[in-house]
Amino acid sequence: MTHRERILKTLSETAVPVCDDCLARITGINPRQTVYQNCTYLANSGKIRRRQGECAFCARIKIVSWIEKGVENYANYLDIADITRTKTSSEKEKDSKTTPSWYWEGNIQSKLVAYLAGQGYFIRSVTDTASRSQGKDIVAVTPEDRELWVSVKGFPENNSYTQARHYFAQAVFDVILYRSENPAVELALALPHGFPTYERLASRISWLRRALPLRIYWVDNLGNVKEE
């Protein structure tokens with residue numbers, strides 16, 4: 001497989017924007033300049049998209065590459081402000097209404113992806129939460145070469161206790177189905193930290209967490225991840 005084929009395969013499988021540094025690490029292509037040259041060629045030939053944005057793996061603002069089909073709805077990664085123009089008050093008001101909260105599902109997902117990549121996991125696939133695509137939210141491969149399937153949930157924007165319980169129940173049902181589908185994979189939930197509803201519910205299913213087994217990744221408002 002050529003360098004370009006490896007880059008295209010990785011971008012297709014991850015389906016998120018990735019910077020050159022992370023692409024070099026994931027694909028094993030060295031030096032990094034080789035990734036830069038190949039991505040520039042692929043972008044010029046129309047096979048990938050490339051511009052400044054947030055890398056889904058390291059969460060830094062860099063030049064990122066992506067395949068358009070995989071991330072057409074990932075506006076939270078790619079909608080970088082035009083720093084050469086001051087926004088009007090109406091534009092700022094619009095931004096405040098449309099910018100997702102830190103505990104939005106897509107933000108929790110992207111922070112966990114970055115965390116896992118930093119821990120040496122290979123990110124096999126990520127669903128587009130913005131368009132509510134079907135499939136496992138995150139599929140990764142551990143450094144020990146075991147698959148990890150993660151169900152990700154945010155917290156309701158209206159802070160509804162009832163809706164939060166529904167979200168949690170749905171996430172738990174997801175991982176139960178995952179276990180039925182493949183008894184060998186590792187399972188996890190990813191949830192925003194700091195919401196007592198989720199913390200209470202998590203403590204009440206301790207028996208299930210031991211039986212599956214099931215880990216929980218708690219993501220806080222600063223993007224830090226705690227594994228439990």
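Let me sum up the structure you'll find in this document. What you see is a predicted model; the values in this text were computed from it and never measured.

**Quick look at the overall build of the chain**
Across its full length, the chain holds ten helices and nine strands. Residues classed as buried in the chain amount to 45% of the 228 residues present. Of the accessible surface of the chain, which amounts to about 12200 Å², a share of 49% is contributed by carbon and sulfur atoms.

**Side note on the packing of helix α1 (residues 3–14) against helix α2 (residues 20–27)**
Their axes nearest at 10 Å, the elements α1 and α2 cross at an angle of 105 degrees. Considering the angle they form, α1 stands roughly perpendicular to α2. Along its contact with α1, which presents Arg6, Ile7, Thr10 and Leu11, the element α2 presents Leu23, Ile26 and Thr27. Among the residues making up the contact of α1 with α2, the classes are represented as four nonpolar, two polar and one charged.

**Looking at the pattern of salt bridges**
Taken as a whole and assessed by the stated rule, the structure comprises twelve salt bridges. A salt bridge links Asp174 to Lys153, with the shortest nitrogen-to-oxygen separation between them at 3.7 Å. With Asp174 in helix α8 (residues 161–181) and Lys153 in the loop between β6 (147–152) and α8, this residue pair connects regions lying 21 residues apart in the sequence. Across this residue pair, the class does not change: Asp174 and Lys153 are buried. Glu228 is the salt-bridge partner of Arg209, the closest N and O atoms lying 3.0 Å from each other. Residue Arg209 is found in helix α10 (residues 206–211), and its partner Glu228 is found in the segment after β9 (225–227); the two are separated by 19 residues along the sequence.

**A word on the packing of aromatic side chains**
Enumeration over the complete set of coordinates arrives at eight aromatic pairs. Seen in terms of ring centroids, Trp102 and Phe195 are 5.9 Å apart; in terms of plane orientation they differ by 25 degrees. Their pairing is stacked. With Trp102 in the loop between α6 (89–98) and α7 (105–118) and Phe195 in the loop between β7 (186–192) and α9 (196–204), the pair connects residues that are 93 residues apart, well separated along the chain. Given a relative accessible area of 12%, Phe195 falls into the buried group. Where Phe155 meets Tyr198, the ring centres are 5.2 Å apart and the plane angle is 75 degrees; that geometry is what we call edge-to-face. Linking Phe155 in the loop between β6 and α8 with Tyr198 in helix α9, this pair joins segments that are 43 residues apart in sequence. Phe155 sits in the buried class, given a relative accessible area of 7%. The exposure class assigned to Tyr198 is buried, which follows from its relative accessible area of 0%. An aromatic cluster is built from Trp102, Tyr103, Phe155, Phe168, Phe195 and Tyr198, whose rings are joined through pairwise contacts. The aromatic ring of Tyr41 is capped on one face by Arg4, whose charged end is 3.7 Å from the ring centroid. The ring of Trp149 carries Lys136 above its face, with NZ or CZ at 4.4 Å from the centroid.

**Description of the nonpolar core**
By size, the foremost hydrophobic cluster in this structure holds 37 residues, and its most contacted members are Val18, Phe57, Leu116 and Tyr217. Looking at this core element by element, the count peaks at five residues for α7. When residues no more than four places from it in sequence are discounted, the contact partners of Leu116 are Tyr121, Ile123, Ile138, Ala140, Leu148 and Tyr217. Residues Val175, Tyr178, Leu187 and Leu214 belong to the second largest nonpolar core, which totals 24 residues.

**So, the side chain of Ser151**
Its place among the elements puts Ser151 in strand β6. Judged by its relative accessible area of 0%, Ser151 is buried. Engagement of the side chain of Ser151 in a polar contact is seen with the side chain of Asp174, the distance being 2.9 Å. Discounting residues that sit within four places of it in the chain, Ser151 has contacts with Asp137, Ala171, Asp174, Val175, Tyr178, Ala188, Leu189 and Ala190.

So, how was this worked out
- Residues numbered from 1 in each chain as written.
- Predicted model: local features only at pLDDT ≥ 70, side-chain atom pairs only at ≥ 80, totals over all residues.
- Heavy atoms only, no water.
- Helix = DSSP H or I, 4+ residues; strand = E, 2+ residues; numbered from the N terminus.
- Buried < 20%, exposed > 50% of the residue type's maximum accessible area, 1.4 Å probe, protein only.
- Areas by Shrake-Rupley, 256 points an atom, 1.4 Å probe, with all protein chains shown as cover.
- Axes fitted to C-alpha atoms, helices over the stretch in contact; angles between N-to-C directions.
- Parallel < 35°, antiparallel > 145°, perpendicular 65-115°, else oblique.
- Contact = heavy atoms within 4.5 Å.
- Nonpolar A, V, L, I, M, F, W, Y, C, P; charged D, E, K, R; others polar.
- Salt bridge = Lys/Arg side-chain N within 4 Å of Asp/Glu carboxyl O.
- Phe/Tyr/Trp six-rings, centres within 6.5 Å; stacked < 30°, edge-to-face > 60°.
- Lys NZ or Arg CZ within 6 Å of the ring centre and 35° of its normal.
- Core = buried A, V, L, I, M, F, W, Y, C linked by side-chain atoms within 4.5 Å.
- Polar contact = N/O pair within 3.5 Å; in protein donor to acceptor, adjacent residues only side chain to side chain.

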